[in-house]
Amino acid sequence: MQSQMPTPPLDMVMPVTANNAYIVVTYVLLALTAMAFAVDARRRGSPLALMCLAGGALAVLLEATLDVLCLVWYPAIDHEPLYSAFNYEIPYWMLPAYALYMGAQGYWMYRQFSAGLSAARLWTLFFMFWGTNAMVEMPGLSLGIYTYYGDQPFR
């Protein structure tokens, strides 16, 4: 029986300049966030902020599984990837992207809930986080550093 899974675009090639730009931007943002979180950790006497950042970074280990399930494809990279699994090569910029998106935003939400979050503020944060995701997704797709393939529901 033939597989019903769509075939990823194996001939797609990673645009070097765009990939390198994503690497630089995401690691700079991660360094700035880590410094801010280190100050926060020292001021509060708790390593929670840094632990959230580290936990977000560890979540990148799920990326290959999610890529298989959601039909995301990263083109061939001209250097070693961050890691490979299921024939998917995960680029280096995914590590800080996960640390920032999952870890930093997760910590920020924790702080907001701890301070007493109104429904209006929750919706504001929801749309703000949606916007930060769009700022990564739209340029990345437009520049060709990754793509969705197969039958996507919102194409």
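That block above? That's the structure.
As the structure is a computational prediction, the values presented were derived from the model and not from experiment.

Trainee: So what exactly am I meant to see when it comes to the layout of surface pockets here?
Mentor: Leftover empty space is mapped by rolling, across the atoms, a probe with the size of a water molecule. Of the pockets and cavities examined, the largest pocket occupies roughly 920 Å³. Residue lining of the largest pocket: 30 residues in total, with Ala97, Tyr101, Thr132, Asn133 and Val136 positioned closest to the centre. Here the element with the most residues in the lining of the largest pocket is helix H4 (residues 94-114); it accounts for 10 residues. Residues of the lining of the largest pocket, tallied by class, amount to 22 nonpolar, five polar and three charged.

Trainee: Before we go on, may I ask you to explain the nonpolar core in this structure?
Mentor: Within soluble globular proteins, side chains that are nonpolar generally end up buried alongside one another. Within the largest apolar cluster, 22 residues are counted, with the highest numbers of intra-cluster contacts made by Tyr74, Ile90, Trp93, Met94, Ile145 and Tyr146. Residue assignment for this core shows that the elements contributing at least two residues are helix H1 (16-44), strand S1 (72-73), strand S3 (88-90) and H4. One finds Leu30, Leu53, Ala99 and Ala104 within the second-largest nonpolar core, a separate group that totals nine residues.

Trainee: Whenever I open this one, the side chain of Gln105 confuses me. Can you help?
Mentor: Mapped onto the secondary structure, Gln105 falls in helix H4. Since its relative accessible area comes to 12%, Gln105 is described here as buried. A distance of 2.8 Å separates polar atoms of two side chains, one belonging to Gln105 and the other to Thr132. In this view, Gln105 contacts Leu100, Phe129 and Thr132; residues no more than four positions away in its chain are not counted.

Trainee: How should I be thinking about unusual backbone geometry in this particular structure?
Mentor: In the Ramachandran plot, Leu71 falls in the positive-phi region, its phi being about 60° despite a non-glycine side chain. Tracing the backbone shows Leu71 in the loop between helix H3 (63-70) and S1. Judged by its relative accessible area of 11%, Leu71 is buried. Of note in this structure, Phe86 is not a glycine but carries a positive phi near 55°. Counting through the fold element by element, Phe86 comes out in the loop between strand S2 (83-85) and S3.

Cut-offs used in this document
- Residues numbered from 1 in each chain as written.
- Predicted model: local features only at pLDDT ≥ 70, side-chain atom pairs only at ≥ 80, totals over all residues.
- Heavy atoms only, no water.
- 1 Å grid on protein atoms, 1.4 Å probe; cavity = no way out; pocket = protein on both sides within 12 Å on 5 of 7 lines; lining within 4 Å.
- Points joined across faces, edges and corners; volume = space filled by probe spheres on them.
- Helix = DSSP H or I, 4+ residues; strand = E, 2+ residues; numbered from the N terminus.
- Nonpolar A, V, L, I, M, F, W, Y, C, P; charged D, E, K, R; others polar.
- Core = buried A, V, L, I, M, F, W, Y, C linked by side-chain atoms within 4.5 Å.
- Buried < 20%, exposed > 50% of the residue type's maximum accessible area, 1.4 Å probe, protein only.
- Polar contact = N/O pair within 3.5 Å; in protein donor to acceptor, adjacent residues only side chain to side chain.
- Contact = heavy atoms within 4.5 Å.

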